[in-house]
Amino acid sequence: MQPDGNRYIEHETTIFSLNITNLPEIVLINIMEYLTLKDRYYLSVTCQLFKELFNHPTLWKAAHIIICMDEIQWHQRSVTEKTVTHIIDKYSYFFQHLYLEVSGYVQPFNEACLRLFQSLKKDSRLESLTIKVGKVASSKPNAQRFATAHSDYRDLPNVVDLIDKSKHLRRLTIISWPLHIDLGEQNNLFIALLNDKQMLQLEQLSLFYLDIKRDLWAQRIPKLPTVETTLKLVSHFRHLVCLSLRSPMLNDDIIKELASVHRTKLHTLQILIMYSREHKVELISPSAWTMLNSASPILRVEYLVTNRIPFEQLSLMLSPEIPLSSFTVLNYGRCDEQVVEMLYNYYNKTLEKFISLCDSSHCDKALVQLVSSCSKLKHFVYHGEIYCKTIKDLSDIINLSKRRLYCFDFKVKNIAIEEEPINLDETAIAKDARSQEYYLVSMHQWHQDEDNRAKQLELMKIHVSQSFGYKWNI
């Protein structure tokens, strides 16, 4: 009862209680997908509902299994080998997306590992398979001899056989495979792929491409499949819609094969561009690119640059006939003004993603022109040195063109504030009029500069936020 003058008003209070178990099953499963295996298990022992959901096939569609020496590991290291073995025995039938990693130098598999492969091969429902056997082999003779001396490949046919038994495979990714020695036909993964008639419907093939979510560095002088082997694989799998490989594995004949009228139209071509004395960038003729572009009008070409490449070499891959949609330079690469100029001159109608994670400078004008010219650009990341005013100008251009970027990112420490340089004597000392204390003038100026920098960055964030219509942060 609540007083209201001389009257009392009675309020009815309804108490609402929310119980997570009342949520739909699909919602609970989506929540559990964000949990680690360990947390998912702890949740399963709280009640009968979560115990049943723990066994739901959706939660076991993806698996990342690591074979390290003679031990099987889940990608979450806290899981014991006994638990992993139990998981594989009970849930491997539900696996649809498998990441299989043989860590370190290859050694004979123990009994648990051999049982693992038997379980995976039995009634396999795999749709995508990623294979990583050791690191990408080096072409250096000393490194090859060392790897050969410390490896034993006798059980490698189990991995090859797993691919052969995966009848429903649509996506195959080979991150690394021992190519530095002749393993014989039984251990030759590429011969097995060429002889496999059940995988002809393969849609996505990735050969020694870099997974930048897990690794930002690539072997500079790797041992790779030959161009002839790559051509055979591309010719064999005629229904590919996505192909990922490294530039030394590519030539005119492969591009022309991809343009063949007897193939499914290619949607995405990802190329990791690399350069060394052993791996020069080979010129692909403009006519070959024109053929591919005509055969696949929806084709998207994506470039990934991992190391510093001379402009003369990189420019060989920047033909105007290429429908380039994405250009990414990783930390150890190089992206200078010349490269940016070629991008907005040649690809102003196709470029959608520009990412530069390397240290670069003096590109402000070129970057402004890039954003102005490339009307489809939706993803912009630049971690090189850039002026605060340039970032404001870029946001204004994006606002005026009524575009919405999915990503607009910079590295805070590389954002420069426009100031006139002040030459001070580093040893100069002054006296504060109020406190009568002496101080080093250069140190005092440094603190003032830092305070001014913080204010300028805050004003820049406000300016960009107003241009985009939402709160933007660095």
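Scroll up to find the structure.
Bear in mind the structure is a predicted one, so any value in this text is a computation, not a measurement.

Enquirer: Could you clarify how one ought to interpret helix α14 (residues 364–373) in this entry?
Expert: Since the α-helix advances by 3.6 residues per turn, residues separated by three or four positions end up pointing in the same direction. By the burial criterion, the buried members of α14 are Asp364, Ala366, Leu367, Leu370 and Val371. The buried residues of α14 all sit within an arc of 160° when viewed along its axis, so they share a single face. Buried residues in α14 make contact with α13 (337–346), β13 (353–356), β14 (379–382), β15 (386–387) and α15 (388–400).

Enquirer: What is the right way to read the packing of α14 against α15 from this model?
Expert: The description of two packed helices rests on the angle between their axes and on the distance between the axes. Relative to each other, α14 and α15 sit at 10°, their axes nearing to 9 Å. With respect to each other, α14 and α15 are oriented roughly parallel. Seen from α14, the contacting residues are Asp364, Leu367, Val368, Val371 and Ser372; seen from α15, they are Thr390, Leu394, Ile397 and Ile398. Partitioned by chemical class, the residues of the contact of α14 with α15 number six nonpolar, two polar and one charged.

Enquirer: Before we go on, may I ask you to explain the pattern of salt bridges in this structure?
Expert: Pairing is possible between side chains of opposite charge, provided their charged atoms come close. Using the criterion set out here, one finds eleven salt bridges in the structure. With a shortest N-O distance of 3.0 Å, Lys121 and Asp161 are connected by a salt bridge. Within this pair, whereas Lys121 is found in helix α5 (residues 111–121), its partner Asp161 is found in helix α7 (residues 157–165), the two being separated by 40 residues in sequence. Notably, a salt bridge pairs Lys165 with Asp164, separated by 4.0 Å at the nearest N-O pair. Overall, the relative accessible area of 33% leaves Lys165 in the partly exposed class.

How each quantity is defined
- Residues numbered from 1 in each chain as written.
- Predicted model: local features only at pLDDT ≥ 70, side-chain atom pairs only at ≥ 80, totals over all residues.
- Heavy atoms only, no water.
- Buried < 20%, exposed > 50% of the residue type's maximum accessible area, 1.4 Å probe, protein only.
- Helix = DSSP H or I, 4+ residues; strand = E, 2+ residues; numbered from the N terminus.
- Arc of directions from axis to C-beta.
- Contact = heavy atoms within 4.5 Å.
- Axes fitted to C-alpha atoms, helices over the stretch in contact; angles between N-to-C directions.
- Parallel < 35°, antiparallel > 145°, perpendicular 65-115°, else oblique.
- Nonpolar A, V, L, I, M, F, W, Y, C, P; charged D, E, K, R; others polar.
- Salt bridge = Lys/Arg side-chain N within 4 Å of Asp/Glu carboxyl O.

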